[in-house]
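Structural characterization, general
One letter stands for each residue in the lines below.
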There are 2 protein chains.
Amino acid sequence: MHDALQKFQTFLKAHSHSCTKVREQIFLAMLDQEPLTMRELVKKLGDKVDRASVYRTVHLLESLGVIERLAQGWKYKLELSDEFSEHHHHITCLNCGKVVPIEEVEEIENLIIQLAKSQGFHSFSHQLEIRGTCSACSMI
Amino acid sequence: MHDALQKFQTFLKAHSHSCTKVREQIFLAMLDQEPLTMRELVKKLGDKVDRASVYRTVHLLESLGVIERLAQGWKYKLELSDEFSEHHHHITCLNCGKVVPIEEVEEIENLIIQLAKSQGFHSFSHQLEIRGTCSACSMI
DNA sequence: ATATTTGCAAAGGCTTTGCAACCCC
DNA sequence: GGGGTTGCAAAGCCTTTGCAAATAT
């Protein structure tokens, strides 16, 4: 079976939350996916899960750090956090909307942490959004 | 008079857009301010400017690069872009909501541009959001 | 068995749009 | 004067909420 799914189930129990079908379905819908908008996620789950439950579950999983929200210009997209997937920065093509995940770059991570520290902040997380044009769209 | 306002007026004309009272008022409401939410901006303009006009103007100014949207967790905030104000990255305190602007750090800027290039992207802009706790809130 | 979670339907917000009146050039 | 802007009111989305039925432990 899915290693990731089991990890998720264990995680939920460890945090005193029930392990329900709805939550599993939402988790699976997001596993190994490009970041999704709420609209896409709701649509993908079709009539399997009610819209309100998707919102409620996303809130819950976000508060537990399983899901993260990415700024995408006006809107946002959702993806599983580091612990359940990979990479965490993105480049968005302003022309075609393509989103490319980027591996963590330790050099940047460290600078960011130092930057926060220099302001007296203790940083928990950060998010980097880069906007530009992808190679295909740059040629137009 | 306001240097910045004149610059703004000139900018609008240079881009073939009318220089109206509504646009000036919105610009002034954002000048030298902490980043504002749409709600705050609308409220600040009170009955001087209609809500719909605020939205329309923000769209326009955003497309011209005068205004930028910052991701702030769930929501977003608005601020004037580099050309009309200063600084462009922020640290948000997850506890008290305080937002601290950070000077550009050339080292990070360069790494980000290189990063985009390595993916075949031509980057126009980027946004860095750091979340953590400020010094005051860390002590609690 | 019981506390939690879900679907449904309705309400609440935020954002956009059509159109007539108004303003800038 | 005429095209671009604005206010108003209404429509469209997105998100949240109350509650009874269903589900997990």
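Residues numbered from 1 in each chain as written. Chains lettered and ligands numbered in written order. Predicted model: local features only at pLDDT ≥ 70, side-chain atom pairs only at ≥ 80, totals over all residues. Heavy atoms only, no water.

1. Considering the sheet that holds strand E5 (residues 122–133) of chain B
What links the strands of a sheet is backbone hydrogen bonding, and the strands pair in either a parallel or an antiparallel sense. The strand order E4(A)-E3(A)-E5(A)-E5(B)-E3(B)-E4(B) describes an open sheet built from 6 strands, whose pairing is mixed. A strand with exactly one partner marks an edge of an open sheet, and here the two such strands are strand E4 (99–102) of chain A together with strand E4 (99–102) of chain B. Taken pair by pair, the neighbouring strands of this sheet meet at an average axis angle of 20 degrees, ignoring direction. (Pairing = 2+ DSSP bridges. Helix = DSSP H or I, 4+ residues; strand = E, 2+ residues; numbered from the N terminus. Axes fitted to C-alpha atoms, helices over the stretch in contact; angles between N-to-C directions.)

2. Details of the domain arrangement of chain A
All names here are of chain A. The assigned domain composition of chain A is domain 1 (1–85) and domain 2 (87–140). Here domain 1 and domain 2 have C-alpha centroids that lie 22 Å from each other. Summing both sides of the interface, domain 1 and domain 2 together bury roughly 860 Å²; the carbon and sulfur share of this comes to 40%. Applying the counting rule to domain 1 against domain 2 returns 0 salt bridges. Every element with two or more residues in the side of domain 1 that touches domain 2 is listed here: strand E1 (67–72) and strand E2 (75–80). Among the elements that line the side of domain 1 that touches domain 2, the one with the most residues is E1, at 5 residues. Here the residues of the side of domain 1 that touches domain 2 are counted per class, giving 4 nonpolar, 4 polar and 6 charged. (Domains from an automatic or database assignment. Buried area = accessible area lost by both parts, 1.4 Å probe. Salt bridge = Lys/Arg side-chain N within 4 Å of Asp/Glu carboxyl O. Nonpolar A, V, L, I, M, F, W, Y, C, P; charged D, E, K, R; others polar.)

3. Details of the environment of Arg-56 of chain B
Inspection of the secondary structure assignment puts Arg-56 of chain B in helix H4 (residues 51–63). Taking the C-alpha atoms as reference points, Arg-56 of chain B and Cys-137 of chain B, separated by 81 residues in sequence, lie 37 Å from one another.

4. Thoughts on the relation of the copies chain B and chain A
Overlaying chain B with chain A gives an RMSD of 0.2 Å, the required rotation being 179 degrees about an axis along which the chain moves by 0.1 Å. The symmetry that links the two subunits is that of a two-fold axis. Taking the C-alpha atom as reference, chain B places Leu-128 of chain B closest to the rotation axis, 2.3 Å from it. Counting the interface residues of chain B, we find that 100% of their copies in chain A are interface residues as well, pointing to one common contact surface. (Least-squares fit on C-alpha atoms with pLDDT ≥ 70 in both. Contact = heavy atoms within 4.5 Å.)

5. Some remarks on the side chain of Arg-23 of chain B
All names here are of chain B. Note on placement: Arg-23 falls in helix H2 (residues 21–30). Glu-24 is the oppositely charged side chain nearest to the buried, salt-bridge-free Arg-23, at an N-O distance of 9.8 Å. A polar contact is formed between the side chain of Arg-23 and the backbone oxygen of Ser-18, at a distance of 2.8 Å. The residues contacting Arg-23, other than those within four sequence positions of it, are Phe-8, Leu-12, His-17, Ser-18, Thr-57 and Leu-60. (Buried < 20%, exposed > 50% of the residue type's maximum accessible area, 1.4 Å probe, protein only. Lys, Arg positive; Asp, Glu negative; His and termini not counted. Polar contact = N/O pair within 3.5 Å; in protein donor to acceptor, adjacent residues only side chain to side chain.)

6. Describing the protein's contact with DNA strand D
Surveying the vicinity of DNA strand D reveals 22 residues, the closest of which are Tyr-55, His-59 and Tyr-76 of chain A together with Thr-20 and Ser-53 of chain B. Backbone atoms, meaning sugar and phosphate, make up 75% of the atoms of DNA strand D lying within 4 Å of the protein. Ser-18 of chain B is positioned such that a nitrogen or oxygen atom in its backbone is 3.3 Å from a phosphate oxygen of DNA strand D. In this structure, a phosphate oxygen belonging to DNA strand D sits 2.5 Å away from a side-chain N or O atom of Ser-53 of chain B. (Near = heavy atom within 4 Å.)

7. Some words on the protein's contact with DNA strand C
Lining the immediate environment of DNA strand C, one finds 22 residues, of which Thr-20 and Ser-53 of chain A together with Tyr-55, His-59 and Tyr-76 of chain B sit closest. At 3.1 Å, a backbone N or O of Asp-50 of chain A approaches a phosphate oxygen of DNA strand C. Here Tyr-76 of chain B contributes a side-chain N or O atom positioned 2.8 Å from a phosphate oxygen of DNA strand C. Taken together, the elements giving at least two residues each to the surface near DNA strand C come down to helix H2 (21–30) and helix H4 (51–63) of chain A together with helix H3 (38–45) and H4 of chain B. Its residues placed into classes, the surface near DNA strand C shows 8 nonpolar, 5 polar and 9 charged.

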